[in-house]
Amino acid sequence: MGQRLSKRNQSLEEGLPQGRFSASEEAPPQYSAYQQGGLPDVRFPRADAPMGHASNECERRDSKQEGVRVSIYRTLDAVPHLEYYDNAAGRTRRSRPSLEVLRKASDGSTCKDEGAKKKKAAGPVRFGWVTGVMIRCMLNIWGVILFLRLPWITSQAGILLTWLIICISVTVTSVTALSVSAIATNGRVSSGGTYFMISRTLGPELGGPIGLVFAFANALASALNTVGFAETIRDLLLEYNLYIVDPLNDVRIIGVITITVLLLISLAGMEWESKAQILFFIVLLVSFINYFVGTVMPPTQEKQSTGFFSYRSEILLNNLFPDWRGPEGGFFQLFAIFFPSATGILSGVNICGDLKEPETAIPKGTLMAIFYTTLSYLLISATVGACVVRDATGNINDTLLSNSSELCEGLGCSFGWNFTRCEDKGSCSFGLANNYQVINMVSGFGPLIYAGIFAATLSSALGFMVSAPKIFQCLCRDNIYPYIGFFGKGYGKNSEPLRAYILAYLIAVCFILIGQLNVIAPLISNFFLCSYALINFSCFHVSITNSPGWRPAFKYYSRWTSLFGAIISVVLMFLLTWWAALISFGLIIFLFGYLAYKKPQVNWGSSVQASTYNMALSYSVSLSGVEDHIKNFRPQCLVLTGPPHLRPALVDFVSSFTKNISLMICGNILMSDDKSGLSQRTTASLVKWLNQRKVRSFFAPISAKGLREGTCNLMQVASGLGKLKPNTLFMGFKMNWQQCSPHMLEDYINTINDTFDSNYGVCILRMMDGLDITEEMLSEDNPAFEADEGTESDQIKTIFQNKQGKKTIDVYWISDDGGLTLLVPYLLTRRKRWNRCKVRVFIVGEQQTMEKDRQEMVSLLQRFRLDVHEVIVMTDSDRPPISKKFEENIAPFRLRDEDHEQGTIHELKRLSPWKVSDKDLDALSRREARPLCLKRSGLCSFRSLPVPQSDCPSSLYMAWLDALTRGLYCPALLIRGNQQNVLTFYCQ
């Protein structure tokens with residue numbers, strides 16, 4: 001409905017707080033009409049300076065103090081600058097002048113204080129692409145698998161298939177790295193790493209689940225590498241026949257102690273953690289050099305007894321092909337064990353909030369790390385496969401000279417060693433297939449390899465221990481899941497998530513207690529593959545939406561490569577460990593379903609939004625070329641609500657049958673010179689109110705001189721697109737029609753006439769106490785409204801939000817309007833709150849043919865397939881329409897013939913068309929007697945709206961509508977279609 005605004009009585013939208021904008025990553029900035037208390041202060045100019053120069057002098061002085069270049073149009077008008085777009089957390093973003101500020105005339109009163117200076121706070125520690133990304137990724141990739149499982153995988157799969165396993169893993173990680181680089185260079189990436197990128201790209205519904213899963217996977221990876229370190233320590237103890245309890249429990253004890261020490265290092269801060277990582281990196285490089293030097297050194301007899309013979313072509317050829325052994329002997333089983341060694345590529349992304357320039361550091365550092373680590377994996381698998389046989393006894397007495405009488409078979413025989421006995425029995429303790437410490441045995445100096453193992457396992461464990469809390473902290477701060485905000489609190493200048501560190505530590509301890517590396521590794525593989533699948537799908541999805549906001553600086557990616565990476569990741573999940581893949585997807589679907597139901601109130605400009613826009617645009621355009629059909633008719637409603645929160649009953653009633661079915665537009669006509677109701681902030685606040693009420697509606701504010709003009713503009717221009725345009729106008733009954741000015745009454749009735757002229761249907765809702773609750777919002781006197789304690793203070797609960805039970809809906813189908821009078825009640829009964837209601841249809845008939853009329857209507861309703869409880873024929877419609885109350889209502893508008901001459905009456909009717917003459921009253925009595933006697937009512941009453949004829953005065957027509965709905969204690973809807981069929985019983 002229309003709305004008149006005044007300075008004193010402002011509505012909800014004018015009560016919004018004023019001030020500086022609030023910058024956040026979730027929403028675009030909201031600019032105020034002033035900066036820190038209003039227009040920039042201006043100093044008084046010199047006495048001889050003209051007034052116009054005072055403003056410019058102040059503006060120049062202010063701009064000079066702030067170091068801002070200004071536009072040539074005006075010194076207050078700033079040129080484009082980075083700080084106007086910077087959304088970085090912890091920074092005060094500079095605000096450009098608003099339109100209101102630029103349009104105001106400067107008064108030259110005061111100037112800014114020249115001495116005002118901002119103190120620059122000490123910034124947190126930031127890392128470059130080498131230390132922050134490349135070294136961190138390489139350390140996490142060079143994990144426990146490299147030293148303790150890669151030689152064993154080479155013995156099982158052979159060099160060729162091991163290279164295939166490495167290449168497949170690197171393909172997945174490289175494609176993912178390309179996708180990550182594209183997403184990371186499409187704008188500044190904040191803390192939260194993988195979760196941040198997926199959630200801001202695909203939205204919170206998919207970002208939230210993968211954030212939880214990926215944080216959990218990082219905690220598991222920390223446990224995996226800690227177990228690898230513990231295994232190495234246990235093996236060292238066993239060499240000297242030392243143990244704490246037993247081999248398995250020793251791994252658990254050492255692992256828990258180790259992860260506790262790593263936790264303490266993490267709690268010391270990112271600066272200490274980074275220094276520790278650099279130390280680990282140096283140790284690893286030294287250990288690699290030590291290994292390669294060892295492969296070319298002549299083997300001692302002791303090393304030969306363990307299967308090492310330096311580079312031999314026979315060994316290389318023998319180890320080229322697979323030799324599957326044991327329950328874990330299989331390509332995909334080995335792939336599942338190896339894949340975690342390639343999963344450290346996101347370590348730099350996970351701490352992107354601590355990088356100096358994440359947009360350039362992430363692509364460069366990640367891709368360089370993948371290249372160098374892949375080269376190391378290929379070289380180590382090839383060199384170890386060319387130097388060490390699969391089986392050896394480790395006994396220096398098993399030479400051919402010492403066992404010349406025994407039969408010798410196998411590769412060792414050609415090198416002077418007889419390992420046949422242990423090969424036949426499967427009891428060999430050394431060689432590629434049996435000894436996890438082959439790298440140590442081959443190296444030039446064994447202790448350096450132990451140092452490398454310690455560095456690789458501890459650096460990876462430490463890296464994952466840091467990544468998991470960082471990801472989880474970002475997830476907690478977004479507040480999209482309940483009860484986890486406690487873990488999002490940060491401490492210190494780097495906002496370290498100490499509480500999240502403790503949680504990751506507890507999760508890691510739980511899996512360390514398993515104590516078996518080969519059991520933990522497949523679980524981690526599935527979680528990481530799931531994360532990689534969603535990262536690649538994110539890049540693919542945002543690429544195909546063609547959103548103008550997708551402008552990555554990294555160009556070396558392809559949407560189809562990303563799609564391939566997503567598909568291959570999902571396929572590998574099920575090929576590796578199908579039950580773990582089902583658990584992963586089940587968990588993600590559950591978490592996704594929760595967020596899809598809760599619908600977090602965040603706006604991150606996701607690709608899902610862009611895709612929705614594309615689909616909506618495409619479908620709208622394609623729908624425009626399709627002719628309308630009766631079977632697909634939907635009442636698409638333009639509802640004159642004014643500010644929707646002031647007429648909640650009207651909003652709730654229309655929403656009851658349009659939600660998820662048809663179009664609903666809430667129109668707000670502003671009939672004043674104040675245009676604040678058209679502002680973006682006001683519109684956003686009212687749309688937010690609709691969303692909080694779970695009303696699926698658009699909101700269209702428009703400025704006009706009157707209700708009629710505003711409604712015509714809404715119907716013709718301001719609402720709808722193509723076939724998604726309203727075809728039915730909903731409005732409230734004008735309760736004050738007797739007290740308002742005649743011109744406003746005329747405007748109201750002419751609005752109805754114009755609506756019929758536009759071929760719209762018209763519906764007028766009347767409630768006993770009216771629809772406008774401006775005055776009733778602070779009282780409880782209106783029984784139609786109840787305070788809803790579960791919503792905000794401006795949310796009023798109406799009777800249309802209650803369960804209606806087994807009540808009746810009365811439909812008075814007096815005039816055939818094409819079926820809209822029947823269709824709306826039917827749509828209501830499809831709703832859960834109304835589905836137990838019974839529909840009664842009242843028709844007008846004669847006493848003599850009453851039963852025949854009833855049967856004909858029943859037959860028609862059955863053919864329409866409408867479930868109607870009862871059909872009632874009314875035969876008392878021949879009562880006189882003119883009642884005493886009716887005459888009292890029109891008395892102020894009467895022009896009696898006996899009081900005026902005929903010519904005078906015509907002149908008065910011309911000047912005041914709302915006046916009612918005796919002729920007008922006689923015409924109504926002859927023409928429309930029947931509807932005036934309808935007084936029955938149920939839960940809700942639907943009544944045919946009489947069509948106003950061109951010669952019917954507005955006051956007489958309004959009195960007629962008043963008589964139709966007066967005295968009812970239930971909502972009454974006067975409804976009239978556009979006389980075109982909206983119901984059919986045909987199939988085509």
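Scroll up to find the structure this text is about.
In this report, the structure presented in the accompanying data block is examined. (Residues numbered from 1 in each chain as written. Predicted model: local features only at pLDDT ≥ 70, side-chain atom pairs only at ≥ 80, totals over all residues. Heavy atoms only, no water.)

This part is about the environment of Gly-193. Turning to its location among the elements, Gly-193 is positioned in helix 6 (residues 193–202). Classification of Gly-193 as buried rests on a relative accessible area of 0%. Leave out the neighbours within four places in its chain, and Gly-193 touches Val-349, Asn-350 and Cys-352. (Helix = DSSP H or I, 4+ residues; strand = E, 2+ residues; numbered from the N terminus. Buried < 20%, exposed > 50% of the residue type's maximum accessible area, 1.4 Å probe, protein only. Contact = heavy atoms within 4.5 Å.)

Before going further, it helps to spend a moment on helix 26 (residues 742–757). Along its 16 residues, helix 26 runs 22 Å from first to last C-alpha, staying within 8% of the 22 Å computed at 1.5 Å per residue. Within helix 26, burial applies to Leu-745, Glu-746, Tyr-748, Ile-749, Asn-750, Thr-751, Ile-752, Asp-754, Thr-755 and Phe-756. Once helix 26 finishes, Asn-759 follows within two positions and takes phi at roughly 65 degrees, a positive value. (Expected span 1.5 Å × (residues − 1).)

Before going further, it helps to examine the packing of aromatic side chains. The full count for this structure, using the stated rule, is 37 aromatic pairs. Measuring from ring centre to ring centre gives 5.4 Å for Phe-338 and Tyr-377, while their planes differ by 70 degrees; the resulting arrangement is edge-to-face. Taken together, the residues Phe-338 in helix 12 (residues 331–338) and Tyr-377 in helix 14 (residues 358–387) connect sequence positions 39 residues apart. Tyr-377 matches Phe-338 in its accessibility class, with the two residues each being buried. Ring centres of Phe-472 and Phe-487 lie 5.8 Å apart, and the angle between their planes is 55 degrees; on these two criteria the pair is classed as tilted. Placement of Phe-472 in helix 17 (residues 446–478) and of Phe-487 in the loop between helix 17 and helix 18 (498–512) is noted, with a sequence separation of 15 residues between them. By way of ring pairs, the aromatic residues Phe-214, Phe-335, Phe-339, Phe-464, Phe-528 and Tyr-532 are connected into one cluster. We note Arg-499 situated over the ring of Phe-486; from NZ or CZ to the ring centre the distance is 4.1 Å. The ring of Tyr-812 has Arg-943 lying over it, and the distance from NZ or CZ to the ring centre is 4.4 Å. (Phe/Tyr/Trp six-rings, centres within 6.5 Å; stacked < 30°, edge-to-face > 60°. Lys NZ or Arg CZ within 6 Å of the ring centre and 35° of its normal.)

This paragraph deals with helix 32 (residues 954–965). Across its 12 residues, helix 32 extends 17 Å between first and last C-alpha, which sits within 8% of the 16 Å expected from 1.5 Å per residue. Counted residue by residue, helix 32 has 12 buried out of 12 residues, so it is predominantly covered. Gly-967 occupies a position one or two residues after helix 32 and carries a positive phi of about 80 degrees.

Positive phi is not limited to glycine here, since Asn-479 has a value of about 60 degrees. On the secondary structure map, Asn-479 appears in the loop between helix 17 and helix 18. With a phi angle near 60 degrees, Lys-694 is a residue other than glycine that sits in the positive phi range. Following the sequence through the fold, Lys-694 ends up in the loop between helix 24 (680–692) and strand 4 (698–703).

What follows is about the side chain of Thr-821. Counting through the fold element by element, Thr-821 comes out in helix 27 (residues 820–829). Relative accessible area serves as the criterion here: at 0%, Thr-821 is assigned to the buried category. Looking at Thr-821, its side chain comes within polar contact range of the side chain of Asp-817, at 2.7 Å. In this structure Thr-821 touches Val-811, Tyr-812, Trp-813, Ser-944 and Ile-975, once residues within four positions along its chain are discounted. (Polar contact = N/O pair within 3.5 Å; in protein donor to acceptor, adjacent residues only side chain to side chain.)

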